[in-house]
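Coordinate analysis (summary)
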Amino acid sequence: MKGLLLAASGADIDMSKYFEFFNSDMSLGKAALIAVLGISVVLVILLVLVGLLTVFEKIFSSLSKKSEAKSKQTANAVSAEDESDEETVAAIVAAVTMLYAEDCGEDSVPPFVVRRIKQVSQLNSKR
């Protein structure tokens, strides 16, 4: 920029060192070949990245489908158990509420809500 300002002011400055690249002996065909080669390298790398992303998408979508299928099976099993055991759940909730009422008084409301009852396998305890 300084050289351009000095050239505009009338000073004698050699500007050829700033434009050495443009004065090369490279032919137009060679320059076009280098440009096409550079663009093709960029496109090949982009295609490789697209391929990798597609492979990752297929891997992760198959994993999510498997987990969705497992969660659906679990949900179906839980809903079937819930429908068949409504009376059992009501009896358990009533028993827990009675035990709480015995300890804290007849008119007290339990500070909990029974949302799920899960059967636990019997433990082999040595008590």
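These numbers come from a predicted model, not from an experiment.

Concerning the overall build of the protein chain
If you tally the helices and strands in the protein chain, you get three helices and zero strands. Expressed as a percentage of its 127 residues, the buried residues of the protein chain come to 3%.

Here we look at the packing of aromatic side chains
For the structure on display, the rule yields one aromatic pair. When the centroid spacing of 6.5 Å and the interplanar angle of 40° are considered together, the rings of F56 and F60 count as tilted. Of this pair, F56 and F60 both sit in helix 2 (residues 28–84), four residues apart, which is roughly one turn of the helix. Assessed through its relative accessible area of 54%, F60 is described here as exposed.

Observations regarding helix 3 (residues 86–104)
With 19 residues, helix 3 extends 27 Å from end C-alpha to end C-alpha; this agrees with the ideal 27 Å at 1.5 Å per step. In the stretch just after helix 3, G105 is the one whose phi turns positive, near 115°.

Notes on the confidence of the model for the protein chain
Confidence in the prediction for the protein chain averages 76 pLDDT; 68% of positions are at 70 or higher. Here helix 1 (residues 2–8) stands out as the element of the protein chain with the lowest mean pLDDT, 53, in contrast to helix 2, whose mean of 83 is the highest.

Each value, and the rule that gives it
Residue numbers here run from 1 along each chain, matching the order of that chain's written sequence. In keeping with the model being predicted, local features are shown solely for residues with a pLDDT of at least 70 and side-chain atom pairs are shown and tallied solely at 80 or more, while totals for entire chains, interfaces and linings include all residues. Processing note: side-chain calculations cover all non-hydrogen atoms of the structure and skip hydrogens and water entirely. Here a strand is any run of E in DSSP of at least two residues, a helix any run of H or I of at least four, and the numbering for each starts at the N terminus. Each residue is placed in one exposure class: buried if its accessible area under a 1.4 Å probe, protein chains only, is under 20% of its type's maximum, exposed if it is over 50%, and partly exposed if it falls in between. Think of it this way: a Phe, Tyr or Trp ring, Trp meaning its six-membered ring, pairs with another when their centres are within 6.5 Å, and the plane angle makes it stacked under 30 degrees, edge-to-face over 60, tilted otherwise. What a helix is expected to span follows from its residue count: subtract one and scale by 1.5 Å. The predictor attaches a confidence to each residue, and that confidence, scored 0 to 100, is pLDDT.

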